[in-house]
Amino acid sequence: MARGSNKLSPFNITALALGFSFLYLPIVILVIYSFNASRLVTVWGGWSLRWYVEFFNDRAMLDAAWMSFRVAASSATLATLLGTLAAVALSRGANFRGRALFSGMLYAPLVMPEVITGLSLLLLFVALDAERGFWTVTIAHTTLTLCFVAVVVQSRLGALDPTLEEAAMDLGCDPLRAFLAATLPLILPSIAAGWMLAFTLSLDDLVIASFTTGPGSSTLPIRIYSEVRLGVKPEINAICTLIIGAIAVVIVGASLAAKLSDARGESAAPL
């Protein structure tokens, strides 16, 4: 092997810089222009918190933001619970009847266009004569994000040693208690990662929410889309900056919790 083959070449450094600039430079510009004092989004008028004040005085936008966060938190929690159970079933029940059908139905939303998913759910809610609003959007987002949680948790379960649960049962635990005592602490970081992914996907969704929402229950992406069609307002930059900050806080908090969980697991291992 040639010496220095593991070092980054100028070409690789340039490619990385261009790639990260393409991904994150628009976000940086958006954050900077959220503090723009000018009413024109393309003209810099100095630093100001004017548009953040405008956002917190916009009752319709605040209601849409609160709706989005409630839907995202509720659907992410339901998707995490159901997705974890589905992942355990697929990992521990390798030979149960109908496994292939169950797996295909579970992962179908990964490859199915959101337009088809949203239209299907709309027809279901109309057939059930369900009033469209918070719960219909929550159910729709749970259906969408459940498969992502299952993928994350199942990959972690596949890397675990199944003899850990067998050892716990040899020591007198029933299967449920063995899972809670031996397996659950080890997959908590992946469960947290699945919850964050589901929360972000729900918060970002526009297509499915537009099919399943009702009057007076618009989510924030729907509200922003309706505003942008008439022209980008500086207030939109402030809203997006607050969302970026909220997601960053969630990611950092979950990462710290995962590291703390790993540290506790390592300290308890010799015992």
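Keep in mind the model is a prediction, meaning the values are calculated, not measured.

Rules of the game
Residues numbered from 1 in each chain as written. Predicted model: local features only at pLDDT ≥ 70, side-chain atom pairs only at ≥ 80, totals over all residues. Heavy atoms only, no water. Helix = DSSP H or I, 4+ residues; strand = E, 2+ residues; numbered from the N terminus. Buried < 20%, exposed > 50% of the residue type's maximum accessible area, 1.4 Å probe, protein only. Contact = heavy atoms within 4.5 Å. Areas by Shrake-Rupley, 256 points an atom, 1.4 Å probe, with all protein chains shown as cover. 1 Å grid on protein atoms, 1.4 Å probe; cavity = no way out; pocket = protein on both sides within 12 Å on 5 of 7 lines; lining within 4 Å. Points joined across faces, edges and corners; volume = space filled by probe spheres on them. Phe/Tyr/Trp six-rings, centres within 6.5 Å; stacked < 30°, edge-to-face > 60°. Salt bridge = Lys/Arg side-chain N within 4 Å of Asp/Glu carboxyl O. Core = buried A, V, L, I, M, F, W, Y, C linked by side-chain atoms within 4.5 Å. Expected span 1.5 Å × (residues − 1). Polar contact = N/O pair within 3.5 Å; in protein donor to acceptor, adjacent residues only side chain to side chain.

Draft legend 1. Examining the overall build of the chain more closely. Summing up its helical and strand segments, the chain has eleven helices and zero strands in all. Counting helices and strands in the order they occur from the N terminus, the chain gives α-α-α-α-α-α-α-α-α-α-α. Across its three principal axes, the chain shows a C-alpha extent of roughly 70 × 65 × 35 Å. The buried share of the chain, taken over its 271 residues, is 34%. Restricting to contacts in the chain with at least 6 residues of sequence separation, those with at least 24 account for 70%. Just so you have it, the chain exposes about 16300 Å², and 69% of that area is on carbon and sulfur atoms.

Draft legend 2. Broad picture of empty space enclosed by the protein. Applying the stated criterion across every chain, the model contains one cavity of 30 Å³ or more. Of the pockets and cavities examined, the largest cavity occupies roughly 30 Å³. Every residue along the wall of the largest cavity is listed here: Arg92, Leu160, Asp161, Pro162, Leu164, Glu165, Ala182, Thr183 and Leu186. Elements with a minimum of two residues in the lining of the largest cavity: α7 (163–170) and α8 (175–204). With three residues, α8 is the largest single contributor of residues to the lining of the largest cavity.

Draft legend 3. Structural view of the packing of aromatic side chains. Tallying each qualifying case throughout the model produces nine aromatic pairs. Each ring, one from Tyr33 and one from Trp44, has its centre 5.6 Å from the other, and the planes form 85°; the classification is edge-to-face. Here Tyr33, found in helix α1 (residues 10–33), pairs with Trp44, found in the loop between α1 and α2 (50–56); they are eleven residues apart in sequence, far enough to count as distant. Judged by its relative accessible area of 35%, Trp44 falls in the partly exposed class. One aromatic cluster in this structure is built from Tyr33, Phe35, Trp44, Trp47 and Tyr52.

Draft legend 4. Spatial organisation of the pattern of salt bridges. Counted according to the given criterion, the structure contains two salt bridges. A salt bridge links Glu227 to Arg223, with the nearest nitrogen and oxygen atoms 3.5 Å apart. Placement of both Glu227 and Arg223 in helix α10 (residues 220–228) is noted, with a separation of four residues, approximately one turn of the helix.

Draft legend 5. Geometry of the nonpolar core. Of all hydrophobic cores here, the largest spans 32 residues; its most connected members are Leu106, Val153, Leu157, Ile187, Leu220 and Ile239. When residues of this core are traced back to their parent elements, those giving at least two are α3 (59–92), α4 (99–111), α6 (134–158), α8, α10 and α11 (234–268). Residues contacting Ile239, with those up to four places away along its chain left out, are Phe55, Met61, Leu220 and Ile224. Counting residues in hydrophobic clusters, the runner-up holds six residues, among them Val71, Phe134, Ala209 and Ile222.

Draft legend 6. Local environment of α3. Here α3 spans 49 Å end to end across 34 residues, near enough to the 50 Å set by a 1.5 Å rise per residue. The distance from a side-chain oxygen at the start of α3 to the backbone nitrogen of Ala60 is 3.3 Å, and the residue carrying that oxygen is Asp58.

Draft legend 7. Structural context of the environment of Thr163. Within the fold, Thr163 resides in helix α7. Thr163 sits in the partly exposed class, given a relative accessible area of 38%. Expressed as a C-alpha distance, the spacing of Thr163 and Phe148, which sit 15 residues apart in the sequence, is 27 Å.

Draft legend 8. Highlighting the environment of Trp66. One can find Trp66 in helix α3. The class for Trp66 is exposed, based on a relative accessible area of 57%. Each C-alpha atom of the pair Trp66 and Ile13 lies 42 Å from the other, and the pair is 53 residues apart in sequence.

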